[in-house]
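Structural overview
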Amino acid sequence: MKKFFALLIALAAIWLAGCGGITEKKDASVQAQAVPTSKILVAYFSRAGDNFEVGIIEKGNTKIAAEMIAKKTGADMFEIKPVKEYPFEYKECTEVAKQEKAENARPEIVSYVKNLDQYDVIFLGYPIFWSDMPMPVYTFLENQDFRGKTIIPFCTSAGEYMTGKESEISDHARGSKVREGIGIRGKDCQDKPDAVREKVNNWLTGLGY
Ligand SMILES: Cc1cc2nc3c(=O)[nH]c(=O)nc-3n(C[C@H](O)[C@H](O)[C@H](O)COP(=O)(O)O)c2cc1C
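What counts as what
Residues numbered from 1 in each chain as written. Predicted model: local features only at pLDDT ≥ 70, side-chain atom pairs only at ≥ 80, totals over all residues. Near = placed C-beta within 6 Å. Helix = DSSP H or I, 4+ residues; strand = E, 2+ residues; numbered from the N terminus. Nonpolar A, V, L, I, M, F, W, Y, C, P; charged D, E, K, R; others polar. Buried ≥ 20, exposed ≤ 12 C-beta atoms within 10 Å, placed from the backbone. Contact = placed C-beta atoms within 7 Å. Pairing = 2+ DSSP bridges. Right-handed = clockwise from strand over helix to strand, strands pointing away. Axes fitted to C-alpha atoms, helices over the stretch in contact; angles between N-to-C directions. Parallel < 35°, antiparallel > 145°, perpendicular 65-115°, else oblique. Left-handed = near helix turned anticlockwise from the far one by under 90°.

A word on the site of the ligand. Gly60, Thr62, Pro127, Ala158 and Gly186 are the nearest of the 22 residues found near the ligand. Secondary structure elements with two or more residues in the shell around the ligand: helix H2 (61-73), helix H3 (90-102) and strand E6 (150-157). If one sorts the elements of the shell around the ligand by residue count, H3 sits on top with 4 residues. Tallied by class, residues from the shell around the ligand come to 9 nonpolar, 11 polar and 2 charged.

The next subject is unusual backbone geometry. Backbone geometry at Glu53 places phi at a positive 65°, although glycine is not the residue there. For Glu53, the location among the structural elements is in the loop between strand E2 (49-51) and strand E3 (55-57). Backbone geometry at Asn104 places phi at a positive 50°, although glycine is not the residue there. Within the secondary structure, Asn104 is located in the loop between H3 and strand E5 (119-127). Looking at Asn104, the number of C-beta atoms within 10 Å reads 9, which means it is exposed.

Another point: the environment of Val83. Looking at the secondary structure, you find Val83 in the loop between strand E4 (76-79) and H3. Overall, the presence of 11 C-beta atoms within 10 Å leaves Val83 in the exposed class. Through-space distance from the C-alpha of Val83 to that of Val110 is 5.1 Å; in sequence the pair is 27 residues apart. Beyond its immediate stretch of four places on either side in the chain, Val83 contacts Glu108, Ile109 and Val110.

With that settled, the discussion passes to the pairing of E5. Counting buried positions along E5 yields 7 of 9 residues, so the element is predominantly enclosed. Across 6 bridges, the pairing between strand E1 (residues 39-44) and E5 is parallel. Bridge pairing in E5 links Tyr44 to Gly125. By the bridge criterion, 7 bridges tie E5 to E6 in an arrangement that is parallel. Each bridged residue has a counterpart across the sheet, and for Val121 the counterpart in E6 is Thr150. Crossover E5 to E6 through helix H4 (residues 135-142) is right-handed.

Bringing the packing of H2 against helix H7 (residues 193-207) into the picture now. Interhelical geometry of H2 versus H7 gives an angle of 50° and a closest axis separation of 10 Å. As summarised for this structure, H2 and H7 are arranged oblique, according to the angle between their axes. Viewed along their axes, H2 and H7 form a crossing whose handedness is right-handed. For the pair H2 and H7, the contacting residues are Ile64, Ala65, Met68, Ile69, Lys72 and Thr73 in the first and Pro193, Val196, Arg197, Val200, Asn201 and Leu204 in the second. Residues belonging to the contact of H2 with H7 are distributed by class as follows: 8 nonpolar, 2 polar and 2 charged.

In C-alpha coordinates form, the structure reads like this:
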(Lines give C-alpha, C1' and ligand atoms only; values in the text may rest on other atoms or scores of the structure.)
Protein backbone atom coordinates (compact mmCIF):
# COMPACT_ATOMS: atom_id res chain seq x y z
CA MET A 1 0.00 0.00 0.00
CA LYS A 2 2.82 2.39 0.99
CA LYS A 3 4.55 1.65 -2.30
CA PHE A 4 1.31 2.38 -4.15
CA PHE A 5 0.99 5.81 -2.46
CA ALA A 6 4.65 6.60 -3.10
CA LEU A 7 4.18 5.77 -6.78
CA LEU A 8 1.03 7.91 -6.89
CA ILE A 9 2.86 10.89 -5.34
CA ALA A 10 5.79 10.45 -7.71
CA LEU A 11 3.47 10.36 -10.73
CA ALA A 12 1.60 13.44 -9.46
CA ALA A 13 4.93 15.28 -9.01
CA ILE A 14 6.03 14.40 -12.56
CA TRP A 15 2.64 15.51 -13.92
CA LEU A 16 2.76 18.83 -12.02
CA ALA A 17 6.33 19.52 -13.14
CA GLY A 18 5.30 18.82 -16.72
CA CYS A 19 2.38 21.22 -16.46
CA GLY A 20 4.66 23.87 -15.00
CA GLY A 21 6.96 23.57 -17.98
CA ILE A 22 4.12 23.92 -20.45
CA THR A 23 2.64 26.85 -18.51
CA GLU A 24 5.93 28.70 -18.63
CA LYS A 25 6.17 28.18 -22.36
CA LYS A 26 2.58 29.31 -22.78
CA ASP A 27 3.23 32.44 -20.70
CA ALA A 28 6.26 33.28 -22.81
CA SER A 29 4.29 32.99 -26.05
CA VAL A 30 1.39 35.00 -24.61
CA GLN A 31 3.84 37.68 -23.52
CA ALA A 32 5.36 37.80 -26.98
CA GLN A 33 1.94 38.32 -28.51
CA ALA A 34 0.96 40.92 -25.92
CA VAL A 35 3.67 43.44 -26.91
CA PRO A 36 1.58 46.59 -27.47
CA THR A 37 1.48 47.73 -31.06
CA SER A 38 1.79 51.48 -31.17
CA LYS A 39 -1.05 52.90 -33.26
CA ILE A 40 -0.15 55.97 -35.24
CA LEU A 41 -2.30 58.85 -36.40
CA VAL A 42 -1.54 61.52 -38.97
CA ALA A 43 -3.64 64.58 -38.10
CA TYR A 44 -3.34 67.44 -40.55
CA PHE A 45 -4.79 70.73 -41.63
CA SER A 46 -4.48 71.62 -45.32
CA ARG A 47 -6.27 73.86 -47.76
CA ALA A 48 -7.07 73.31 -51.42
CA GLY A 49 -7.99 76.18 -53.75
CA ASP A 50 -5.91 79.13 -54.81
CA ASN A 51 -2.60 78.90 -53.01
CA PHE A 52 0.86 80.42 -52.73
CA GLU A 53 3.11 79.73 -55.77
CA VAL A 54 0.97 76.85 -57.05
CA GLY A 55 -2.21 78.43 -58.42
CA ILE A 56 -5.44 76.51 -57.95
CA ILE A 57 -4.84 73.07 -56.47
CA GLU A 58 -7.24 70.20 -55.86
CA LYS A 59 -5.31 68.76 -52.96
CA GLY A 60 -3.46 70.86 -50.39
CA ASN A 61 0.32 70.56 -50.10
CA THR A 62 0.25 69.40 -46.50
CA LYS A 63 -2.36 66.75 -47.33
CA ILE A 64 -0.01 65.32 -49.97
CA ALA A 65 2.78 65.06 -47.38
CA ALA A 66 0.34 63.66 -44.80
CA GLU A 67 -0.63 60.86 -47.17
CA MET A 68 3.03 59.99 -47.74
CA ILE A 69 3.62 59.72 -43.99
CA ALA A 70 0.49 57.62 -43.47
CA LYS A 71 1.51 55.29 -46.27
CA LYS A 72 5.01 54.69 -44.89
CA THR A 73 3.95 54.30 -41.25
CA GLY A 74 0.61 52.54 -41.77
CA ALA A 75 -1.08 55.33 -39.82
CA ASP A 76 -4.71 56.36 -39.76
CA MET A 77 -5.51 59.86 -41.00
CA PHE A 78 -7.56 62.67 -39.52
CA GLU A 79 -8.29 66.01 -41.16
CA ILE A 80 -8.53 69.11 -38.97
CA LYS A 81 -11.33 71.09 -40.62
CA PRO A 82 -12.49 74.50 -39.46
CA VAL A 83 -16.27 74.89 -39.38
CA LYS A 84 -15.91 78.13 -41.31
CA GLU A 85 -13.79 77.35 -44.35
CA TYR A 86 -11.01 79.72 -45.34
CA PRO A 87 -11.64 81.76 -48.51
CA PHE A 88 -10.82 80.03 -51.78
CA GLU A 89 -8.79 82.97 -53.01
CA TYR A 90 -5.22 83.11 -51.68
CA LYS A 91 -4.99 86.84 -50.86
CA GLU A 92 -8.33 86.81 -49.10
CA CYS A 93 -7.28 83.75 -47.16
CA THR A 94 -4.11 85.47 -45.96
CA GLU A 95 -6.21 88.39 -44.65
CA VAL A 96 -8.55 86.10 -42.68
CA ALA A 97 -5.64 84.14 -41.25
CA LYS A 98 -3.80 87.37 -40.35
CA GLN A 99 -6.83 88.60 -38.43
CA GLU A 100 -7.23 85.25 -36.62
CA LYS A 101 -3.59 85.34 -35.57
CA ALA A 102 -3.88 88.93 -34.34
CA GLU A 103 -6.86 87.89 -32.21
CA ASN A 104 -5.23 84.64 -31.11
CA ALA A 105 -8.52 83.09 -32.23
CA ARG A 106 -9.57 79.49 -31.71
CA PRO A 107 -11.82 78.80 -34.72
CA GLU A 108 -14.29 76.01 -34.12
CA ILE A 109 -13.42 72.74 -35.86
CA VAL A 110 -15.82 70.22 -37.39
CA SER A 111 -14.76 67.23 -35.29
CA TYR A 112 -12.19 65.76 -32.96
CA VAL A 113 -10.42 62.38 -33.06
CA LYS A 114 -12.65 59.53 -31.93
CA ASN A 115 -10.79 57.23 -29.52
CA LEU A 116 -7.63 59.30 -29.35
CA ASP A 117 -6.71 56.85 -26.56
CA GLN A 118 -5.72 54.21 -29.11
CA TYR A 119 -2.93 56.36 -30.58
CA ASP A 120 0.48 56.75 -28.96
CA VAL A 121 2.08 58.73 -31.74
CA ILE A 122 0.50 61.59 -33.66
CA PHE A 123 2.14 63.16 -36.69
CA LEU A 124 0.78 66.70 -36.82
CA GLY A 125 0.80 68.44 -40.19
CA TYR A 126 -0.01 72.03 -41.10
CA PRO A 127 0.96 74.80 -43.52
CA ILE A 128 2.80 77.74 -42.04
CA PHE A 129 0.41 80.69 -41.77
CA TRP A 130 2.09 83.98 -40.89
CA SER A 131 5.12 82.23 -39.36
CA ASP A 132 2.82 80.26 -37.09
CA MET A 133 0.48 77.28 -37.08
CA PRO A 134 -3.02 77.98 -38.44
CA MET A 135 -5.29 78.83 -35.53
CA PRO A 136 -7.60 75.78 -35.99
CA VAL A 137 -4.58 73.61 -35.18
CA TYR A 138 -4.45 75.25 -31.73
CA THR A 139 -8.16 74.49 -31.31
CA PHE A 140 -7.36 70.85 -32.11
CA LEU A 141 -4.47 70.67 -29.65
CA GLU A 142 -6.17 72.42 -26.74
CA ASN A 143 -9.41 70.47 -26.66
CA GLN A 144 -8.29 66.85 -26.45
CA ASP A 145 -6.31 64.86 -23.95
CA PHE A 146 -2.77 64.44 -25.29
CA ARG A 147 -1.22 63.29 -22.00
CA GLY A 148 1.41 60.63 -22.66
CA LYS A 149 1.28 61.07 -26.42
CA THR A 150 4.19 61.77 -28.73
CA ILE A 151 3.57 64.46 -31.33
CA ILE A 152 5.78 64.70 -34.40
CA PRO A 153 5.20 67.89 -36.40
CA PHE A 154 5.62 68.42 -40.12
CA CYS A 155 4.78 71.55 -42.04
CA THR A 156 4.75 72.93 -45.56
CA SER A 157 5.49 76.52 -46.48
CA ALA A 158 7.30 78.74 -48.97
CA GLY A 159 10.58 77.15 -47.88
CA GLU A 160 11.99 74.02 -46.25
CA TYR A 161 11.84 75.19 -42.69
CA MET A 162 9.95 75.12 -39.43
CA THR A 163 9.30 78.32 -37.54
CA GLY A 164 10.22 77.23 -34.01
CA LYS A 165 6.55 77.48 -32.99
CA GLU A 166 6.47 73.68 -32.97
CA SER A 167 8.53 73.71 -29.78
CA GLU A 168 5.44 75.21 -28.07
CA ILE A 169 3.11 72.41 -29.14
CA SER A 170 3.26 70.72 -25.74
CA ASP A 171 2.18 73.99 -24.08
CA HIS A 172 -1.11 73.53 -25.93
CA ALA A 173 -1.33 69.73 -26.12
CA ARG A 174 -0.66 69.44 -22.40
CA GLY A 175 1.33 66.42 -21.27
CA SER A 176 2.56 65.53 -24.74
CA LYS A 177 6.15 65.06 -25.85
CA VAL A 178 7.26 66.63 -29.13
CA ARG A 179 9.85 65.01 -31.40
CA GLU A 180 11.88 66.66 -34.12
CA GLY A 181 9.77 67.61 -37.11
CA ILE A 182 10.35 68.45 -40.72
CA GLY A 183 9.72 71.44 -42.99
CA ILE A 184 8.77 70.79 -46.61
CA ARG A 185 8.45 73.28 -49.44
CA GLY A 186 4.74 73.30 -50.34
CA LYS A 187 5.24 73.79 -54.07
CA ASP A 188 7.44 70.66 -54.20
CA CYS A 189 4.51 68.55 -52.98
CA GLN A 190 2.70 69.45 -56.22
CA ASP A 191 5.66 69.61 -58.63
CA LYS A 192 8.19 67.10 -57.27
CA PRO A 193 6.29 64.52 -55.23
CA ASP A 194 8.97 61.88 -55.71
CA ALA A 195 11.66 64.13 -54.23
CA VAL A 196 9.36 65.00 -51.32
CA ARG A 197 8.56 61.33 -50.73
CA GLU A 198 12.25 60.52 -50.58
CA LYS A 199 12.90 63.34 -48.12
CA VAL A 200 9.93 62.31 -45.98
CA ASN A 201 10.87 58.64 -46.02
CA ASN A 202 14.48 59.42 -45.02
CA TRP A 203 13.21 61.54 -42.15
CA LEU A 204 10.84 58.77 -41.04
CA THR A 205 13.60 56.18 -41.23
CA GLY A 206 15.73 58.43 -39.01
CA LEU A 207 12.89 58.49 -36.50
CA GLY A 208 12.69 54.71 -36.55
CA TYR A 209 9.67 54.25 -38.85
C1 LIG B 1 -2.79 82.43 -44.89
C2 LIG B 1 -1.44 82.01 -45.37
C3 LIG B 1 -0.30 82.45 -44.72
C4 LIG B 1 0.96 81.99 -45.12
N5 LIG B 1 2.06 82.39 -44.43
C6 LIG B 1 3.26 81.88 -44.76
C7 LIG B 1 4.44 82.22 -44.00
O8 LIG B 1 4.38 82.98 -43.05
N9 LIG B 1 5.61 81.68 -44.38
C10 LIG B 1 5.70 80.82 -45.45
O11 LIG B 1 6.80 80.35 -45.73
N12 LIG B 1 4.62 80.47 -46.17
C13 LIG B 1 3.41 80.97 -45.84
N14 LIG B 1 2.29 80.61 -46.57
C15 LIG B 1 2.42 79.61 -47.63
C16 LIG B 1 1.92 78.24 -47.16
O17 LIG B 1 2.53 77.88 -45.94
C18 LIG B 1 2.22 77.16 -48.17
O19 LIG B 1 1.67 77.50 -49.41
C20 LIG B 1 1.70 75.81 -47.75
O21 LIG B 1 2.37 74.79 -48.43
C22 LIG B 1 0.20 75.63 -47.94
O23 LIG B 1 -0.18 74.35 -47.51
P24 LIG B 1 -1.59 73.69 -47.81
O25 LIG B 1 -1.72 73.57 -49.31
O26 LIG B 1 -1.51 72.35 -47.17
O27 LIG B 1 -2.63 74.56 -47.21
C28 LIG B 1 1.06 81.10 -46.21
C29 LIG B 1 -0.09 80.71 -46.90
C30 LIG B 1 -1.33 81.13 -46.49
C31 LIG B 1 -2.56 80.67 -47.21
